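In case you want the letters, here they are:
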Amino acid sequence: MSRVYLGLVHYPIYNKNNDVVTTAITNFDVHDIARTSRTYHIARYFIIHPVESQVKMARDIVEYWQTGYGGEYNPDRREAFSILDIVPDIRAAVEQITAAEGKAPVIVTTDARQFSNMVSYRKLRTLLQEEDQPCLLLFGTGWGIEKSVMEQFDYILEPIYGPCDYNHLPVRAAVAIILDRLLGEAWWS
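In what follows, the accompanying structure is described. Quantities reported herein were computed from a predicted structural model and do not represent experimental measurements.

**What about the nonpolar core?**
Line of reasoning, step 1. In terms of nonpolar packing, the biggest core is built from 36 residues, with Y45, L137 and L157 touching the most fellow members.
Line of reasoning, step 2. If sequence neighbours within four positions are ignored, Y45 has contacts with L6, L8, D29, V30, I33, A34, S37, I83, L84 and D85.

Below is the structure:
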């Protein structure tokens with residue numbers, strides 16, 4: 001079985017005007033994705049952000065829940081944050097995984113857009129269960145990861161479709177849905 005790592009990418013990201021920007025770290029993403037990642041046995045949750053002021057804010061949040069009163073008040077949150085790390089770019093996350101695993105990860109990302117190297121949830125779930133290659137599962141913020149960066153990844157998961165034509169999930173919801181599809185109980189069996 002593959003060990004799965006998760007990264008939340010804040011640069012290079014498109015905004016709604018299709019400009020490449022760095023998005024802000026949100027408190028909800030720090031908390032909720034750490035809790036969801038821990039629930040689905042993610043090896044490490046990387047917040048990927050290059051701006052030091054944003055990194056400091058995220059570190060302050062983590063510290064409060066790891067070593068401050070928050071960790072005493074809510075030990076479950078302390079445990080969720082134990083798998084969280086903050087790195088400046090995707091390459092740093094890949095380097096950490098490679099050092100820990102002894103081999104580079106397969107890099108899979110998500111997007112609401114269609115790409116030529118799309119993979120189905122069923123196929124990726126099977127690969128994760130049958131292979132022992134580590135996997136870095138990346139999620140973009142804003143309006144998605146910049147196209148030339150997307151083209152460097154091994155696979156791009158097919159979009160999540162609801163029962164109507166509206167398709168703009170918050171990243172926290174997409175993380176939960178996708179982790180359940182890839183790593184959750186096979187309730188349909």
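From this point, things continue past the structure.
**As for the packing of aromatic side chains**
Line of reasoning, step 1. Summed over all chains, the structure comprises 4 aromatic pairs.
Line of reasoning, step 2. Ring centres 5.1 Å apart and planes at 90 degrees place the aromatic pair Y64 and W65 in the edge-to-face group.
Line of reasoning, step 3. Measuring from centroid to centroid gives 5.6 Å for W187 and W188, while their planes differ by 85 degrees, and the two rings are edge-to-face.
Line of reasoning, step 4. A relative accessible area of 63% means that W187 is categorised as exposed.
Line of reasoning, step 5. Look at W188 and you get partly exposed, because its relative accessible area is 44%.

**Notes on the pattern of salt bridges**
Line of reasoning, step 1. Tallying each qualifying case throughout the model produces 10 salt bridges.
Line of reasoning, step 2. Measuring nitrogen to oxygen at the nearest pair gives 3.6 Å for the salt bridge that ties D32 to R172. Separated by 140 residues along the polypeptide, D32 in helix 1 (residues 27–39) and R172 in helix 8 (residues 171–183) bring together distant segments of the chain.
Line of reasoning, step 3. Taking relative accessible area as the criterion, D32 reaches 26% and is therefore assigned partly exposed.
Line of reasoning, step 4. A relative accessible area of 28% places R172 in the partly exposed class.
Line of reasoning, step 5. Note that K56 is salt-bridged to D60, the shortest N-O span being 2.9 Å. Placement of both K56 and D60 in helix 2 (residues 52–66) is noted, with a separation of 4 residues, approximately one turn of the helix.
Line of reasoning, step 6. Here the residues in one salt-bridge network are D29, D32, R35 and R172, joined through shared partners.

**Things to note about a nonpolar patch on the surface**
Line of reasoning, step 1. On the surface, Y64, Y69 and Y73 cluster together into a nonpolar patch covering about 400 Å² of accessible area.
Line of reasoning, step 2. As for its position among the elements, Y73 is in helix 3 (residues 69–73).
Line of reasoning, step 3. Residue classification places Y73 among the exposed positions, given a relative accessible area of 60%.

**With respect to the pairing of strand 6 (residues 106–110)**
It is a general feature of regular strands that their side chains alternate between the two faces of the sheet.
Line of reasoning, step 1. Among the 5 residues of strand 6, 4 are classified as buried, and the element is accordingly described as predominantly covered.
Line of reasoning, step 2. Here strand 6 pairs with strand 8 (residues 135–140) via 4 bridges, running parallel. Looking across to strand 8, one finds that V106 is bridged to C135.
Line of reasoning, step 3. Of the pairings in the sheet, the one linking strand 6 to strand 9 (residues 155–157) comprises 3 bridges and is parallel in character. Each bridged residue has a counterpart across the sheet, and for T110 the counterpart in strand 9 is L157.

Analysis parameters
Residues numbered from 1 in each chain as written. Predicted model: local features only at pLDDT ≥ 70, side-chain atom pairs only at ≥ 80, totals over all residues. Heavy atoms only, no water. Core = buried A, V, L, I, M, F, W, Y, C linked by side-chain atoms within 4.5 Å. Buried < 20%, exposed > 50% of the residue type's maximum accessible area, 1.4 Å probe, protein only. Contact = heavy atoms within 4.5 Å. Phe/Tyr/Trp six-rings, centres within 6.5 Å; stacked < 30°, edge-to-face > 60°. Salt bridge = Lys/Arg side-chain N within 4 Å of Asp/Glu carboxyl O. Helix = DSSP H or I, 4+ residues; strand = E, 2+ residues; numbered from the N terminus. Patch = residues over 30% accessible without salt bridge, like charges linked within 9 Å, V, L, I, M, F, W, Y side chains within 5 Å. Areas by Shrake-Rupley, 256 points an atom, 1.4 Å probe, with all protein chains shown as cover. Pairing = 2+ DSSP bridges.

Any functional reading would require information that these geometric values do not contain.
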